[in-house]
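Chain by chain, the residues:
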Amino acid sequence: ADGLIAKRPHFNSVSNYLANPALTPVLKKLIAASSLPLKAVETDFAVDSSGFGTSRFVRWYNKKYGREIDNREWVKVHLMCGVKTHIVTSAEISGWAANDTTYFAPLVEETAKHFQIAEVSADKAYLGHKNLAVVESLGATPFVPFKSNTVPATGDSAWAKMYHYYMFNRDTFLAHYHKRSNVETVFSMIKGKFGDSVRSKGNVAQVNEVLCKVLCHNICVLVQSIHELGLEPTFCAGLPVAQKVPA
């Protein structure tokens, strides 16, 4: 009959879809689409990463204790969020040993496709000439604190300008930098609502499971913003329609 499910779904259907690599770009597009209704609200952004535990363990030799140590492996999510509403504008997933700084530029560039960026804040792990230059190239200001052993900069590069800003206007710099704490709030919101670990065993499924958590967070933020800010969102404006994921 019309309106009825023709075939009972298999109990592994959700797991099978999560294990499908074709789902990953769809979820990323949905994360971007769910952030778009707030593009008129968000101009300042923050970047950071956090881990979600898995059921797998990794073993290494600890020189300090003189023995091998087992530790739970985790999936690392790198994301960029707006500091006012905590909406996630771009996200990437990596293994537990990935270097955070390499994900900074892709997150910023993906967000810049849909948002007008005024400033980006991040901690010292993201400090680098390339990262600061990427933000400046977009007409925005990077607020990434410098390390104590940083050599005094010269010239007119983004690195030099922000170094002198940090050294001679420290209080103003830090006032902008501390907006970064909002990205920690985002991770706390995601883990508090949707859990701080993944159940999937495979690498692809773990990536998609974490992206689903981020997408669910965005939906919650969007619903809250609709009521608090009186928004009337238009979904998927300017984005291509996602293709159907093969079963």
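Residues numbered from 1 in each chain as written. Predicted model: local features only at pLDDT ≥ 70, side-chain atom pairs only at ≥ 80, totals over all residues. Heavy atoms only, no water.

Asker: So, the overall build of the protein chain: which residues are in play, and what are the values?
Answerer: Summing up its helical and strand segments, the protein chain has eight helices and five strands in all. Ordering the α and β elements of the protein chain from the N terminus gives α-α-β-β-β-α-β-α-β-α-α-α-α. In the protein chain, buried positions account for 45% of the 247 residues. Here the analysis covers contacts within the protein chain between residues at least 6 apart in sequence; of these, 63% occur between residues at least 24 apart. Summed over its atoms, the accessible surface of the protein chain is roughly 13,700 Å², and 55% of this surface lies on carbon and sulfur atoms. (Helix = DSSP H or I, 4+ residues; strand = E, 2+ residues; numbered from the N terminus. Buried < 20%, exposed > 50% of the residue type's maximum accessible area, 1.4 Å probe, protein only. Contact = heavy atoms within 4.5 Å. Areas by Shrake-Rupley, 256 points an atom, 1.4 Å probe, with all protein chains shown as cover.)

Asker: Before we move on, can you summarise the nonpolar core with the specific residues and values?
Answerer: By size, the foremost hydrophobic cluster in this structure holds 29 residues, and its most contacted members are Val47, Met80, Phe104, Leu132 and Phe146. Elements supplying a minimum of two residues to this core: strand S1 (44-62), helix H3 (104-112), helix H4 (129-137), helix H5 (158-168) and helix H6 (170-177). For this core, the leading source of residues is H5, giving six residues. With residues near it in sequence (within four places) discarded, Val47 still touches Leu79, Met80, Phe104, Leu107, Val120, Ser121, Ala122, Tyr126, Arg180 and Val183. (Core = buried A, V, L, I, M, F, W, Y, C linked by side-chain atoms within 4.5 Å.)

Asker: Tell me about the pattern of salt bridges, residues and numbers included.
Answerer: Enumeration according to the criterion identifies nine salt bridges in this entry. Salt-bridge contacts for Asp44 lead to Lys179; the nearest nitrogen and oxygen are separated by 2.8 Å. Taken together, the positions of Asp44 in strand S1 and Lys179 in the loop between H6 and helix H7 (181-194) put the pair 135 residues apart, joining distant regions of the chain. Looking at Lys179, the relative accessible area reads 24%, which means it is partly exposed. Its salt-bridge partner being Lys161, residue Glu136 comes within 2.4 Å of it at the nearest N-O pair. Taken as a pair, Glu136 in helix H4 and Lys161 in helix H5 lie far apart in primary sequence, 25 residues in all. With a relative accessible area of 40%, Lys161 lands in the partly exposed category. Connected through salt bridges with shared partners, the residues Asp48, Asp123, Arg180 and Glu184 form a single ionic network. (Salt bridge = Lys/Arg side-chain N within 4 Å of Asp/Glu carboxyl O.)

Asker: Tell me about unusual backbone geometry, and name the residues and values.
Answerer: Only a minority of non-glycine residues have a phi that is not negative, and only a minority of peptide bonds are not trans. Backbone geometry places His86, a non-glycine residue, at a positive phi of 70 degrees. Looking at the secondary structure, you find His86 in the loop between strand S2 (67-82) and strand S3 (88-94). The class for His86 is buried, based on a relative accessible area of 16%.

Asker: Describe the confidence of the model for the protein chain, listing the residues and the values that go with them.
Answerer: Per-residue pLDDT for the protein chain averages 89, and the proportion of residues at 70 or more is 86%. Counted against residues more than four places away or in other chains, residues 240-244, with its pLDDT under 50, gives three contacts. (pLDDT = per-residue confidence, 0-100.)

Asker: With reference to specific residues and values, describe the environment of Val204.
Answerer: By the secondary structure assignment, Val204 is in helix H8 (residues 203-229). On the accessibility criterion, Val204 (32% relative accessible area) is partly exposed. Placed 111 residues apart in sequence, Val204 and Ile93 show a C-alpha to C-alpha distance of 10.0 Å.

Asker: Can you lay out H4 for me, pointing to particular residues and giving the numbers?
Answerer: Among all positions of H4, only Asn131, Leu132, Val134 and Val135 are buried. All buried residues of H4 lie within an arc of 155 degrees about the axis, which places them on one face of the element. Across H4 from its buried face, at more than 90 degrees, point the exposed residues His129, Lys130 and Ser137. Where H4 is buried, its residues touch H3, strand S4 (119-121), strand S5 (141-143) and H5. (Arc of directions from axis to C-beta.)

Asker: Describe the packing of helix H2 (residues 23-35) against H8, with residues and values.
Answerer: Two numbers describe a pair of packed helices, the interaxial angle and the distance between the axes. Running from N to C, H2 and H8 cross one another at 15 degrees; their axes reach a closest spacing of 9 Å. With respect to H8, the element H2 is oriented roughly parallel. As for the relative orientation of H2 and H8, their crossing is left-handed in sense. Residues Leu23, Thr24, Leu27, Lys28, Leu30, Ile31, Ser34 and Ser35 of H2 touch H8, and the partners they reach there are Val207, Asn208, Leu211, Cys212, Val214, Leu215, Asn218 and Leu222. Within the contact of H2 with H8, the residues separate by chemical class into 10 nonpolar, five polar and one charged. (Axes fitted to C-alpha atoms, helices over the stretch in contact; angles between N-to-C directions. Parallel < 35°, antiparallel > 145°, perpendicular 65-115°, else oblique. Left-handed = near helix turned anticlockwise from the far one by under 90°. Nonpolar A, V, L, I, M, F, W, Y, C, P; charged D, E, K, R; others polar.)

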